[in-house]
Structure formats: structure tokens, C-alpha cells
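Listed below are the residues making up each chain.
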Amino acid sequence: MPSTPLPLADNNTLNQLRQIISAHTHGEEDKNTDIADLGFFRREHQSQPCSCMVEPSVVLVVQGEKQMLVGDARYPYNARHFLLNSIDLPASSQVLTASPAQPCMGLVLRLDLRIMAELIAQGGICPPAEQASQPGMALGTVTAELLDAFSRLLALLEQPQHMSVMAPLIKREIHYRLLMSDQASRLWQILATGSHSQRIARAIDWLKTHYTEPLRIDELATRVQMSSSSLHHHFRQLTTMSPLQYVKWLRLNEARRLMLSDKLEAATAAFRVGYESPSQFSREYVRLFGLPPKRDISQLAQLNT
């Protein structure tokens, strides 16, 4: 990460963003806002990696530092670099720099790929030179124009009478700025009709709603009009995992939620998410979370009390 200071104007804009986010997250770690698809986060301590599903989104840290871990790849980001994710990715989020006096704070804006497709269809936006398949997650350089757009979007929280008209316009501008950023190629590869990346996105959409069913790679490949080998290759390029690993992640995290929130027994949760063997479920659970189901849920329950 570069250590050069931000320009004064950018620092002023960041200070405005910090003040707004701080005011809205006092006493809370995560906060949805009145602006659709916009949320804030606040962490006052460093943390160990925490498993999560990252939707297509842009994440901006205005104070402190976080990192996202996807497979063996690490994506540390701060006020100079935004995190861009173009596809639903299992990952682990970690807070690197935070304290009660200077909490790690930022925002998450869920991307609307339809808006980007419309912007491209209107013309005037040249495709990036490089459009080969790339990982779905990347770090981009924060620009003054992007900061300014976010600042105007957050200011609407104090101007609710203007929100319904102005928020969609400013969010559209943010999407445009991302299409003009140094990470535009990752968005184009998802948006390009018939591209390998778009087909993988379709495969992921199907897996997210059918993960309890037996996975048949040849049927999934036919569904998204790819060969089985091509599906495996491009799926791993985008997500760093195979389709089977992706399904296991979905199943295990849903089972974890069912045990923690709905108080289900491990075997019941395992069958609910598609496992036929409780012992296999337990082995794969330990590989992902580091503890057997019962001990893991017990620790999580203590942390949440």
C-alpha cells in the first residue's frame, strides 16, 4: 500500500464521511441506512478472520484498515484503496487497525449490475483493454471524484426530503465512476453477455438457491452452456474454489446459522442443508471452522451474550 498522504481536499472529504458514519454507528457495529443498498460498519478492535459471503459491492474504509481473505489471496484496504467485488464470494473479513479512540469505519454499497449495463448501453464508455477472466475481488484506487460522490450520497441522510430523487442519481454516478476506475475490467467481464464470467455468475445464482440438492457438475455446466472442464476452470479463476467447495461453504454456513439461531441439533442441521452423513458433515465443519459443531456453536453463543 502506498504511504503517501492524501491531498488536503480528499482528507477534508474523508473527515466529512467519518463524521457522518460515526454519528450513525455510535454503539453499533453494522448499520443499514435509509438509502437502499447502503450500509455502514464500525469496529473498535482488531479481529480474527470472520467467515462471510460478500455480495457484488464496493467497500470503502474511511478510517482504520481491514482485509478480506479469499482462498490464499489477501486484500488489505484502507482510505486509499476500495474493495471491489463483482460476484458472490465466500470470504473471511478481518479488522487490521482499530481502537475505541479511532475505530475502523466505512461503508458498503451493494452494486446494481443493471445500472452498469445501462450505462454501457448508452454508449460513450470504452471497454478496458484487458477483459480476460480475473478473480471476482480486487482493490481499486480511491479517487477524489469517487470520494466526492460518496460524500454527496451520505449527506442525503441529513436531507431526507431530497433522498428519493437524488440518491438514485448519485448512486448511478458512483457506478459510472467504478466503470471508469482502474478495476473496470472486473465489472465488464461480468456484464459482457455470453462471457465466461457471466456464465459463472449464473451458475453461482443457481447454486445459491439449490445448494441442498446433490451437485451434478455436468448438469450445471449444461445449464450455463459450458463444458464441465471450462466450468471448473473459470469458476476457480473467479472464486478461488471449485463448484463443490462453493456448495460445501454454502451448506456449512447455513447449518451453522441454523444451529446458532434456530437451536437445531448438528445432525438435524446437516440433513436440512443436504448432507446425508452426519460424520461427513462434522469432518467438513471442522475443516472450515476449526472446531466440531457443538463446541463451535457453544463458543459463538457465549460471544453473543
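Details of the structure are given in the entry above.
One structure accompanies this document, and this report is about it. (Residues numbered from 1 in each chain as written. Predicted model: local features only at pLDDT ≥ 70, side-chain atom pairs only at ≥ 80, totals over all residues. Heavy atoms only, no water.)

1. Considering the packing of aromatic side chains
Here is step 1 of the chain: Within this structure, the stated rule accounts for four aromatic pairs.
Here is step 2 of the chain: Centre to centre, the rings of Tyr 285 and Phe 289 are 4.7 Å apart; their planes meet at 55 degrees, and the pair counts as tilted. Highlighted residues: Tyr 285 and Phe 289, both in helix α11 (residues 278-289), separated by four residues, approximately one helical turn.
Here is step 3 of the chain: By way of ring pairs, the aromatic residues Tyr 275, Phe 281, Tyr 285 and Phe 289 are connected into one cluster.
Here is step 4 of the chain: Arg 256 extends its terminal NZ or CZ atom over the ring of Phe 289, reaching a point 3.9 Å from the ring centre. (Phe/Tyr/Trp six-rings, centres within 6.5 Å; stacked < 30°, edge-to-face > 60°. Helix = DSSP H or I, 4+ residues; strand = E, 2+ residues; numbered from the N terminus. Lys NZ or Arg CZ within 6 Å of the ring centre and 35° of its normal.)

2. Some details on helix α5 (residues 184-191)
Here is step 1 of the chain: Across the eight residues of α5, eight count as buried, placing the element largely inside the fold.
Here is step 2 of the chain: Within α5, burial applies to Ala 184, Ser 185, Arg 186, Leu 187, Trp 188, Gln 189, Ile 190 and Leu 191.
Here is step 3 of the chain: On its buried side, α5 packs onto β7 (81-85), α2 (113-121), β10 (137-141), α4 (160-179), α6 (196-210) and α8 (228-239). (Buried < 20%, exposed > 50% of the residue type's maximum accessible area, 1.4 Å probe, protein only. Contact = heavy atoms within 4.5 Å.)

3. Thoughts on the nonpolar core
Here is step 1 of the chain: Core analysis: the largest hydrophobic core is formed by 49 residues, its most contacted members being Met 68, Ile 87, Met 137, Ile 200, Leu 231 and Phe 281.
Here is step 2 of the chain: Sort the elements by how many residues they give to this core and helix α9 (residues 243-261) lands first, with eight residues.
Here is step 3 of the chain: Filtering out sequence-adjacent residues up to four positions away, Leu 231 remains in contact with Ile 200, Ala 203, Ile 217, Leu 220, Ala 221, Val 224, Met 226 and Pro 243. (Core = buried A, V, L, I, M, F, W, Y, C linked by side-chain atoms within 4.5 Å.)

4. Here's the deal with the sheet that holds strand β5 (residues 65-70)
Here is step 1 of the chain: Judged by pairing direction, the sheet is antiparallel, and its four strands sit side by side in the order β3-β8-β5-β6 without closing on themselves. Two strands in the sheet have a free side with no partner beyond their single neighbour: β3 (50-54) and β6 (73-77). Between one strand axis and the next, the sheet turns through 35 degrees on average, direction left out of account.
Here is step 2 of the chain: Here five bridges tie β3 to strand β8 (residues 89-97), and the two strands are oriented antiparallel to one another. When the bridges of β8 are listed, Cys 50 appears paired with Ser 93.
Here is step 3 of the chain: α9 rests against β3 and β8 of the sheet, and its axis sits at about 115 degrees to β3. (Pairing = 2+ DSSP bridges. Axes fitted to C-alpha atoms, helices over the stretch in contact; angles between N-to-C directions.)

5. Here we look at the sheet that holds strand β1 (residues 30-32)
Here is step 1 of the chain: In spatial order, the strands read β1-β2-β9-β4-β7-β10; together these six strands make up an open sheet with antiparallel pairing. The sheet terminates laterally at β1 and β10, the two strands that pair on one side only. Going from strand to strand, the sheet's axes swing by 25 degrees on average, the running direction of each strand aside.
Here is step 2 of the chain: Direction of pairing for strand β4 (residues 57-63) relative to strand β9 (residues 104-110): antiparallel, over a ladder of six bridges.

6. With respect to α8
Here is step 1 of the chain: End to end, α8 covers 16 Å across twelve residues, agreeing with the expected 16 Å (1.5 Å per residue, within 8%).
Here is step 2 of the chain: For α8, every residue scored as buried is listed here: Ser 230, Leu 231, His 234, Phe 235, Leu 238 and Thr 239. For α8, the buried positions fall inside an angular range of 130 degrees around the axis, keeping them on one side.
Here is step 3 of the chain: Considering only its buried residues, α8 is in contact with β5, β8, α5, α6, α7 (217-223) and α9.
Here is step 4 of the chain: Two residues or fewer past α8, Thr 240 is found with a positive phi of approximately 70 degrees. (Expected span 1.5 Å × (residues − 1). Arc of directions from axis to C-beta.)

7. A closer look at unusual backbone geometry
Here is step 1 of the chain: Positioned with a positive phi, Gln 225 is a non-glycine residue whose angle comes to about 60 degrees.
Here is step 2 of the chain: A relative accessible area of 56% means that Gln 225 is categorised as exposed.
Here is step 3 of the chain: The backbone phi angle of Lys 263 is positive, close to 60 degrees, even though this residue is not glycine.
Here is step 4 of the chain: Here Lys 263 shows up in the loop between α9 and α10 (266-272).
Here is step 5 of the chain: Judged by relative accessible area, Lys 263 falls into the exposed class, the value being 62%.

8. What about a nonpolar patch on the surface?
Here is step 1 of the chain: A surface patch of nonpolar side chains, amounting to about 270 Å² of accessible area, comprises Val 165, Met 166 and Leu 169.
Here is step 2 of the chain: Along the chain, Val 165 falls in helix α4. (Patch = residues over 30% accessible without salt bridge, like charges linked within 9 Å, V, L, I, M, F, W, Y side chains within 5 Å. Areas by Shrake-Rupley, 256 points an atom, 1.4 Å probe, with all protein chains shown as cover. Salt bridge = Lys/Arg side-chain N within 4 Å of Asp/Glu carboxyl O.)

9. Side note on the pattern of salt bridges
Here is step 1 of the chain: Across all of its chains, the model carries 14 salt bridges by this definition.
Here is step 2 of the chain: One salt bridge in this structure joins Lys 208 and Asp 88, with 3.1 Å as the shortest N-O distance. Of this pair, Lys 208 sits in helix α6 while Asp 88 sits in the loop between β7 and β8, and the two are 120 residues apart along the sequence.
Here is step 3 of the chain: By relative accessible area, Asp 88 is classed as buried at 9%.
Here is step 4 of the chain: A cluster of three or more residues bridged by salt bridges with shared partners is formed by Asp 148, Arg 152, Glu 173 and Arg 177.

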